Amino acid sequence: MFLTGGLKSLLPHVLRRVIRCKRLSISNTSGMAEGYKQANIVILHKSLADDFEKFCRANDGPLLLLYRSKPGDWQCPPLSSDSDIRTDCPQYRMYEHGACTGTLKSLKEYSEQLKDMVAFYLGCSFSFEKAVQNAGIPVRNIEQKCNVSMYKTAVPCYSISAFCCNLVVSMRPIPESKLEAAVLATSGLKEAHGAPIHIGNPGLLGIQDLSKPDYGDPVHLQPGDIPVFWACGVTGVEAVISCRAPLAFTHSPGCMFITDLKNDNVTTRSSREVPQVHRISQDPLHYSIVSAEAAQKIRNLETLIGIDPGDRGIIHLLQREELLKSCLSISHARSVLVTTGFPTHFTYEPPEENDGPPGALAIAAVLQALEKEVAIVTDQRAMNLNKKIIEEAVQLGILKRPVPLLSYQRESADSALMFLCENGNPGRPRFDHLIAIERAGMAADGNYYNARKVNIKHLVDPIDELFLAAQTIPGVATTGVGDGGNELGMGKVKDAVKKHIENGDVIACDVEADFTIVAGVSNWGGYAIACALYLLSTCEVHDRYLRKAVGFPPLSKKMSWLSALPSVTKEEKLLKALVRHGVRSGKTASLEMEVDGLPFYDTHSSMIEKLL
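Residues numbered from 1 in each chain as written. Predicted model: local features only at pLDDT ≥ 70, side-chain atom pairs only at ≥ 80, totals over all residues. Heavy atoms only, no water.

Colleague: Pulling in residues and values, what's your account of the domain arrangement of the protein?
Modeller: With domains assigned, the protein is organised as domain 1 (4–262) and domain 2 (275–611). Here the C-alpha centre of domain 2 lies 44 Å away from the C-alpha centre of domain 1. If you look at the interface, domain 1 gives 29 residues, while domain 2 gives 16 residues. When domain 1 packs against domain 2, the two sides together hide about 1800 Å² of surface, and 64% of this comes from carbon and sulfur. When the buried surface of domain 1 facing domain 2 is broken down by residue, Glu 180, Ile 197 and Ile 199 rank first, second and third, together holding 27% of it. For the interface between domain 1 and domain 2, the tally reads one salt bridge. Residue Glu 176 pairs with Arg 279 through a salt bridge whose shortest N-O separation is 4.0 Å. Counting across the domain 1 and domain 2 interface gives 11 residue pairs in polar contact (both at pLDDT 80 or more). When contributions to the side of domain 1 that touches domain 2 are tallied by element, the ones reaching two or more residues are helix H3 (46–58), strand E6 (149–156), helix H7 (179–187) and strand E8 (198–200). Tallying contributions element by element places H7 first for the side of domain 1 that touches domain 2, with five residues. (Domains from an automatic or database assignment. Contact = heavy atoms within 4.5 Å. Buried area = accessible area lost by both parts, 1.4 Å probe. Salt bridge = Lys/Arg side-chain N within 4 Å of Asp/Glu carboxyl O. Polar contact = N/O pair within 3.5 Å; in protein donor to acceptor, adjacent residues only side chain to side chain. Helix = DSSP H or I, 4+ residues; strand = E, 2+ residues; numbered from the N terminus.)

Structure follows, in structure tokens:
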């Protein structure tokens, strides 16, 4: 009873004395000295100390440095008034040339060696457990009276000299209804690892089996729980292993040093720092984090593009939060496939309209700036036209470099799978996200229709099959951008299209996308995606989550992101280029349209600039 209740309420200096006596068997310090900071410990030879400090600074999510001692200094005055690092952890590990050669209750017998060694005290997630409980969130490992689960991941840390290792994370099961509360409770506690770095499927971190942690104990999920992962100070242990020092010591994972510092210095937060949690995928289960400020700006963009210039009834098709969720998903993607092309002018050559390509290229430009792989797939008959448009976009400075141009034809039942995945293996997709913008979509009868009910199937390659196949590939998401309901991906709103859009009962696209972005003009949807991706990239909360709190914020790239954004000037240049290639307008909304007495594109651009 003393172990489960008494140690929980002891003051840190008393608890350290208890630990120092070594009379009690303490397997971990989770739940002890509630409300006080605990620390991971790494002890290295002084010759390695400067590089290890740089390694910590470069990876401050898992390795937030609380204190660095001087060589041979066994105390840490800023953290505790009466302590001895040789005795005040319940258990230690000894490493020789990268191998663990023993577990120790005390380091006193190594006092001579420790005179030339430096102790690093690093933040620990045990420090935030009380804050989590105060938010009404269960801490399962405390309930189950065991250590927290810790796992090696496939996420590389930022390397410094001999310190080169992957991130280690701790996992806590959190009820789905409490996810945002857990993120809010921990995000301000920077010295306790702050907000989670991953929520959802462990496989996305390279963790194969939650029941087999690399450190600590298995913690069992209860019905309705979601695995939530925080950066973990045991990353320091992996760093010690990687540097292969002749001699090093660490705490034994879970057996922390308990400080005298209260864990009440929560960082004051503005809306720029307050996190929100959004589910972006069900298979595999994946949530993302974004600041309240960035999320609201993206919602404002969604409202802005929802203006209906042709009064066609698209207000009935609008799907709230789809722009935000789609762009969060795209932000996590490594490789994106974009498709566009609507042969509205079926009696002309080329039959394409000018709504779609500018929006597609705006998306591609920002994806290039964000250093993601991007390709465009289009109809075989339109390959030469699109090649010329892409080349001109590079010459005009809209694109940094040419975008790979692909075509798709159905040759067998598994053609779509072979196109999307290496050797048709769903476990090895070539693309993480598919985007269709103003792309003719297949209706329920298998045909493709323009807004006037004219069947244009003879001009359209079956790219819809890629979106249907993507539904069967875990981890591949799809977005459809449209303005009339007959575009690829609009199957999600087909009932509303049939009810509210002229000829909707015939023309409605039957193929769904995971995310449906409805805009007054599809190009505007493409511009909104580009701007939303910029907002996410410059959101510190989201950036930290994307890079798993390792490495440095890519602030130096902000100007290149900004220069990739769409603008009125770029739009005008590209529309003129499309006209030179014979592409005609397919929308009543054009450059001469006015809103409040101003050209619409000028108004649209200035409003976007204000949001950014």
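Colleague: Quick rundown of the pairing of strand E10 (residues 225–231)? Include the residues and the values.
Modeller: Most of E10 is tucked away, with seven of its seven residues classed as buried. Where burial is concerned, the two faces of E10 agree: the one with Asp 225, Pro 227, Phe 229 and Ala 231 and the one with Ile 226, Val 228 and Trp 230 are both buried. The pairing of strand E7 (residues 166–175) with E10 spans seven bridges and is classified as antiparallel. In the sheet register, Pro 173 faces E10, and the bridge partner there is Pro 227. Of the pairings in the sheet, the one linking E8 to E10 comprises two bridges and is antiparallel in character. Looking at E10, one finds that Ile 199 is bridged to Val 228. (Buried < 20%, exposed > 50% of the residue type's maximum accessible area, 1.4 Å probe, protein only. Pairing = 2+ DSSP bridges.)

Colleague: Give a detailed account of empty space enclosed by the protein, specifying residues and quantitative values.
Modeller: Under the defined criterion, the tally for this structure stands at eight cavities of 30 Å³ or more. Empty space within the largest cavity amounts to approximately 100 Å³. Around the largest cavity, the lining comprises 13 residues; the ones closest to its centre are Pro 358, Ala 362, Ile 398, Pro 566 and Lys 570. Elements with a minimum of two residues in the lining of the largest cavity: helix H11 (357–369) and helix H20 (568–580). Sorting elements by how many residues they give to the lining of the largest cavity places H11 first, with four residues. Here the residues of the lining of the largest cavity sort into 10 nonpolar, one polar and two charged. (1 Å grid on protein atoms, 1.4 Å probe; cavity = no way out; pocket = protein on both sides within 12 Å on 5 of 7 lines; lining within 4 Å. Points joined across faces, edges and corners; volume = space filled by probe spheres on them. Nonpolar A, V, L, I, M, F, W, Y, C, P; charged D, E, K, R; others polar.)

Colleague: Account for the sheet that holds strand E19 (residues 477–482), with residues named and values stated.
Modeller: Here six strands make up an open sheet; going across it, the order is E17-E16-E15-E18-E19-E20 and the pairing parallel. Among the strands making up the open sheet, the edge pair consists of strand E17 (405–407) and strand E20 (515–518). Pairwise comparison of adjacent strand axes, ignoring direction, gives a mean angle of 25° for this sheet. The sheet strands contacting helix H12 (residues 383–395) are strand E16 (373–378) and E17, and the helix crosses E17 at an angle near 165°. (Axes fitted to C-alpha atoms, helices over the stretch in contact; angles between N-to-C directions.)

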